[in-house]
Each structure stands twice: as C-alpha cells, then as structure tokens.
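One letter stands for each residue in the lines below.
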Amino acid sequence: MADRPTDMAPVHVLVFPWPLQGHINSMLPFAEGLLGAGVHVTFLHTEHNLRRVDRAASPRLRFASVPDGLPDDHPRSVAHLSEIGRSLRPSASAAYRALLAPALSTGSNADGGFPPVSCVVADGLLPFAIDIAEELGVPALAFRTESACSILAYLSVPSLVGLGEVPVPAGADLDEPVRGVPGMEGFLRRRDLPSSCRGHGEAGELDPMLQVLAKYTAHSCKARALIFNTTASLERSALAHIAPHMRDVFAIGPLNAISAAPASATSLWREDDGCTAWLDGHADRSVVYVSLGSLAIISREQFAEFLSGLVGAGYAFLWALRPDMVGASQSAALQEAVDAAGKSKVRVVDWAPQRDVLRHRAVGCFLTHAGWNSTLEGIAEGVPLACWPFFADQQINSRFTAAVWGTGLDMKDVCERAVVERMVREAMESGELRRSAQALARQVTRDIAEGGSSASEFERLVGWIFPNRL
Ligand code: UDX
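Residues numbered from 1 in each chain as written. Predicted model: local features only at pLDDT ≥ 70, side-chain atom pairs only at ≥ 80, totals over all residues.

Per an unreviewed UniProt entry, the recorded name for the protein is Glycosyltransferase, and the organism is Triticum aestivum. Per UniProt, the comment on the protein under Sequence similarities (unreviewed entry) is "Belongs to the UDP-glycosyltransferase family." (UniProt positions renumbered as here; feature names shortened; annotations may be inferred.)

A. Molecular detail of the overall build of the protein. If you tally the helices and strands in the protein, you get 17 helices and 13 strands. A globule of 470 residues ought to have a C-alpha radius of gyration of about 23 Å, and the protein, at 22 Å, matches this closely. Principal-axis analysis of the C-alpha atoms gives the protein an extent of 65 × 55 × 45 Å. Counting only residues that meet the buried cut, the protein has 48% of its 470 residues in that class. For the protein, contacts bridging at least 24 residues in sequence account for 67% of all contacts bridging at least 6. (Helix = DSSP H or I, 4+ residues; strand = E, 2+ residues; numbered from the N terminus. Rg over C-alpha atoms; globule rule 2.2 N^0.38 Å. Buried ≥ 20, exposed ≤ 12 C-beta atoms within 10 Å, placed from the backbone. Contact = placed C-beta atoms within 7 Å.)

B. A look at the sheet that holds strand S9 (residues 316-320). In spatial order, the strands read S10-S9-S8-S11-S12-S13; together these 6 strands make up an open sheet with parallel pairing. Lying at the two open borders of the sheet, with one neighbouring strand each, are strand S10 (346-349) and strand S13 (408-410). The mean inter-strand angle of the sheet, taken between neighbouring strand axes irrespective of direction, is 15 degrees. For strand S11 (residues 363-368) and strand S12 (residues 385-387), the ladder comprises 3 bridges, and the chain directions are parallel. Looking across to S12, one finds that Thr-368 is bridged to Cys-387. Of the strands in this sheet, strand S8 (287-291), S11, S12 and S13 touch helix H15 (residues 417-429), which is tilted by about 140 degrees from S11. (Pairing = 2+ DSSP bridges. Axes fitted to C-alpha atoms, helices over the stretch in contact; angles between N-to-C directions.)

C. The arrangement of unusual backbone geometry in detail. Look at the link from Val-166 to Pro-167: it is a cis peptide, with omega at 0 degrees. Relative to the helices and strands, Pro-167 resides in the loop between helix H6 (157-162) and helix H7 (208-220). Here Ala-370, not a glycine, exhibits a phi torsion of approximately 65 degrees, which is positive. Even without a glycine there, the phi angle at Ala-392 is positive, about 60 degrees. As for its position among the elements, Ala-392 is in the loop between S12 and helix H14 (394-405).

D. Broad picture of the packing of helix H5 (residues 148-155) against helix H8 (residues 232-242). Viewed as axis vectors pointing N to C, H5 and H8 meet at an angle of 35 degrees, and their least axial separation amounts to 8 Å. The chirality of how H5 crosses H8 is left-handed. From H5, Ala-148, Cys-149, Ile-151, Leu-152 and Leu-155 reach across to H8, where they touch Glu-235, Ala-238, Leu-239, His-241 and Ile-242. For the contact of H5 with H8, a count of residues per class yields 8 nonpolar, 1 polar and 1 charged. (Left-handed = near helix turned anticlockwise from the far one by under 90°. Nonpolar A, V, L, I, M, F, W, Y, C, P; charged D, E, K, R; others polar.)

E. Expanded view of the pairing of S11. Of all 6 residues that make up S11, 6 are buried, and the element is covered over most of its length. Sheet topology places S8 next to S11; 5 bridges connect them, and they run parallel. Paired with Ser-291 across the two strands is Thr-368, which belongs to S11. Between S11 and its parallel partner S12, the chain crosses via helix H13 (residues 372-380), and the hand of that crossover is right-handed. (Right-handed = clockwise from strand over helix to strand, strands pointing away.)

F. Structural context of the confidence of the model for the protein. Averaged over every residue, the pLDDT of the protein is 92; the share at 70 or more is 94%. Note that residues 105-110 has pLDDT below 50 and, in this model, 2 contacts with residues that lie over four places away or in other chains. ipTM for the predicted complex: 0.98, alongside a pTM of 0.95. (pLDDT = per-residue confidence, 0-100.)

G. Inspection of the pairing of strand S2 (residues 40-46) at higher detail. With 7 of 7 residues buried, S2 is to be regarded as a mostly interior element. Side chains His-40, Thr-42, Leu-44 and Thr-46 project from S2 onto one buried face, and the interleaved Val-41, Phe-43 and His-45 project onto a second face that is buried too. By the bridge criterion, 4 bridges tie strand S1 (residues 12-16) to S2 in an arrangement that is parallel. Bridging across to S2, Leu-14 finds its partner in Thr-42.

H. Spotlight on the environment of Ala-225. By the element assignment, Ala-225 lies in the loop between H7 and strand S6 (226-228). A sequence separation of 21 residues divides Ala-225 from Met-246, and the C-alpha atoms of the two residues are 6.6 Å apart. When near neighbours in sequence (up to four residues on either side) are disregarded, Ala-225 contacts Leu-141, Met-246, Arg-247, Asp-248, Val-249, Phe-250 and Trp-464.

I. Spatial organisation of the site of the ligand. Close contacts around the ligand come from 25 residues, with Gly-22, Gly-293, Ala-320, Gly-371 and Ser-374 the closest. Of all elements in the fold, only helix H1 (21-36), helix H12 (354-359) and H13 reach the threshold of two or more residues within the shell around the ligand. Partitioned by chemical class, the residues of the shell around the ligand number 7 nonpolar, 14 polar and 4 charged. (Near = placed C-beta within 6 Å.)

J. Highlighting the nonpolar core. In this structure, Val-15, Val-120, Val-288 and Val-424 are the most contacted members of the largest nonpolar core, which totals 139 residues. Per-element tally for this core: the top contributor is H5, with 7 residues. Non-local contacts of Val-15, meaning those with residues more than four positions away in its chain, are made with Met-27, Phe-30, Ala-31, Val-41, Phe-43, Leu-44 and Val-121. (Core = buried A, V, L, I, M, F, W, Y, C linked by C-beta atoms within 7 Å.)

K. Spotlight on the environment of Gly-180. Its place among the elements puts Gly-180 in the loop between H6 and H7. Distance in space between the C-alpha atoms of Gly-180 and Ala-153 is 8.5 Å, their sequence separation being 27 residues. Not counting residues up to four positions away in its chain, the partners in contact with Gly-180 are Ser-156, Ser-159, Leu-160, Leu-163 and Glu-165.

L. How the structure looks around the sheet that holds strand S4 (residues 119-123). The strand order across the open sheet built from 7 strands is S3-S2-S1-S4-S5-S6-S7, with neighbouring strands paired in parallel fashion. Looking at the sheet topology across the chains shown, the edges are occupied by strand S3 (61-66) and strand S7 (249-251). For this sheet, the mean inter-axis angle between neighbouring strands, taken without regard to orientation, is 25 degrees. Note: S4 against strand S5 (residues 140-144), 4 bridges, orientation parallel. Within S5, the residue paired with Asp-123 across the bridge is Phe-143. Along the sheet face, helix H17 (residues 453-465) touches S1, S4, S6 and S7 and points at about 135 degrees away from the line of S7.

Have a look at this one:
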C-alpha cells in the first residue's frame, strides 16, 4: 500500500494479537500496512514470544511486551489454550494499562518519539484489551484472525442452540445439514461447524471452548469496528450477514499477500533454511507440501496413515513436522521412510518458511489443516489444497475450500492412507482444481491492488484511524 504524506498529526496504533503463531501471522502484516500508511505502531507481544521473534523494528514500529504469567518452559500448546487465556488477562493487564496511560497523561512525545496511543487494534480473543482501552478513553477495534464464515457460525451459536442443532449429539449423522447459520442453510453440515460445536461440557452443556468463543464474538459487536483478514470476493455473504451485528466491518485481506516482511519476523520457531534449495532441485509442480500449522497434534495412528498415504501417492514431499506434533517413535518411522525413499524424494523439517515454499514453482499442492492463514496463503499462491481440518474454524474453512471456491478437497473426519493417497493425487493432477486455484489467486491479487475491495477497505480503515488526514 502506498506511503502517505507525513504532514499531518502523527497517529499511533497499538496492535495486540493473541499470543499464538496464527494470530501474530495475520496481525503483523496488518501492522506493516499501517506503517505504510504513515502510522506509528506498537506491536505488543508477550514477553515469552518477544524473546522468540526477530525484532526488526523501524523508526515508526516498536515491539513491546506484557507478561503472560506462565513459566518460560510452559508448552503453550493446543491443550493449554484456556490456561493461556486465564493467565494472560490478570498478568498482562497492569503492563498493558501502563503502555496506554502514561502516553495519554503526558500527551507529549516523551515516549521515545512516539506520540500517545490514539487507537488500539486488539485480537477479538482479548476482550479485556478492548475494555481497558475504552475505559482509558482510547478507541478500540477488534481484529479476528479467523474466517468470516467461522465468526458468523460463532455469532449464530444462540440460534444454533435454540434450534437444537448444537451441541451436536454424539453419534449423530454428521452429514445432516444444520439450520441457524444465516446464508448457509442446506449447505453447512454438522461436520462443517467449528469443532467445539460437537463437544459437551461435564453436565451436557455447551463445550467450554465454544462458550468462550461465542461470548468473545458477541463482545466484538461492542467494539468500534471489527477487522477481518479476508476479502469480499471470498466471503461476501458471511460478511454481509455479520455487518448488521457490528458497528462497522472492514475486510482487508489476505494480509499475507501484502506483507513484505520476511517470515522470520513472525516465526516463533526457527525456520529450516534449506527448503528452497531442496525445492530448486525439483520439477515444476512436482512436490507436495505438507503442514498442519502451529497447533495441531496428531496421534501415532494418524501419523502412520498420513505417511503411508503420502508415500503411496508417489510424489516427492516436503513435510513441516513440528517436534511437538508427533512423538519420537513417529520421527523414527519417518526417518525410515526418508531413508527408503531417498533424500531427493522426502524432506522433513521442524518448521518451514511456508510463504516462500508455497510461492515456489516446484510445489504442486498443499496438504493442510485449513488454518485460516494457511488457507489464505495457499489461495494467494494459486496452490490446490487437500484439507484435513484439525479443530476450531478449520472445519468450516475446509468446507468453503472444497464446496464454495472449488480450490481444494476436504478429507474431513477421515484419516486413512487410501484417502490421503487419493486426495493428494487428485490435488496434484486435477486441471480443474488448479485452474480454479489460479483464478482465485488472480482475484485476490485484484482485491489487494489499488482500487480493489480490500485495498479500498484498508483506505477506509486508515481514514477511520486518521480522522483528520488530508
Ligand atoms: C489456528 C486457526 O486454525 C486459525 O484459523 C486461527 O486464526 C489461529 O489458530 P494455526 O494452526 O496456527 O491456526 O494455523 P494457521 O492459521 O494456518 O497459521 C499457521 C501459520 O504458521 C501460517 O501463517 C503458516 O505460514 C505458518 N507456518 C506453519 C510456517 O511458517 N511454517 C510452518 O512450518 C508451519
């Protein structure tokens, strides 16, 4: 996005993501967009994460941190999401207030040349950050890093419950369509709802995770506006159904596609730097890239099915396999497969520079968990997706990938070697999927280019943040 004139009162936005990889990966490119618009940005990490990322600050970008209250060796994994949430609020609040308040009280440039914070953009999963900012007189906007279709589902939880659709009873036919999510009647099946819709609490009430997500989504309605990392061409209908519930809605994505920052600026893991050289040695569209994101953990059985399916499909594959995703015995099995197939056929890394990998000419398809960033990154590069959703919004994202955009396949709820093999083959070989994926990539490129829907929405957002700009 174009640089703005600087002859106007400086504006300082504090950007506060939920402290997990997927959230940082969409909110840092957003911060970059603001920098390009002449805004000063404080990007707020937790202390633990700030120690892990590359802090390439610039004159108008600074990184700050708040404590999350957890010991440094805490795993902070998918099994601990509620614990992270419970700990963060009381631990971070005081430091967060201090970041907002002194600047306000001095009203000067005393804070390292940064003007007072004039606006907060906080992850919608951090309602306390929105409430504290407003209490201190700082306008706060909510940012949701998930798809708009999943947020519409969370917003619809009261009607889904009222209609008896949720919680989905154990043993129910998951192919039955559900009522209660506007615009998706007859299309959305039980299996496509966010995964926590299937869960139950101890007394048969809603899954605690779903309760929290529904509550926080309802809280986002109170924020000055809701920002989405999506674009109208992908999610026009969901955005239109969400808009009446919100004070304002901005769809400004896919943000990964506007980011110029190296992936290391956001990565909490150390990237393997040999992936690109390995891909260079392969023919165009001959490699399957496999990654199940930053949180998924797979069982020994699932690992064996994926591995057999990938080997059976017969293509070279690059697998980003976090060490905490599988146990040591699985890693040994994988090493055996690598040795059997040869190093040019299989490469396994702990963490890949994913955006660079997806952009590489050698990648023919992406076996993904359909996390929203991964989905958008695949879409932006025109790569067909084979989706195996793990949890949360991934169930609905994979439904849209297969049934709305036609850019991938959905192996939801099935993890069998024959299915993995068949879907990987089809994603690699189907001309129709590739043509749809490439057409969608061209569309989202138009959306973020000057005059496109996301670029125009971003301009409107900057106008909201910069009310007195020229
Ligand atoms: C989950 C949700 O599914 C997501 O929609 C939500 O917003 C946050 O929580 P996660 O498992 O982190 O997300 O997946 P995803 O949203 O796809 O984000 C993973 C990010 O890590 C992507 O930006 C991807 O490029 C990056 N990544 C992953 C790497 O850079 N290297 C890897 O090896 C694996």
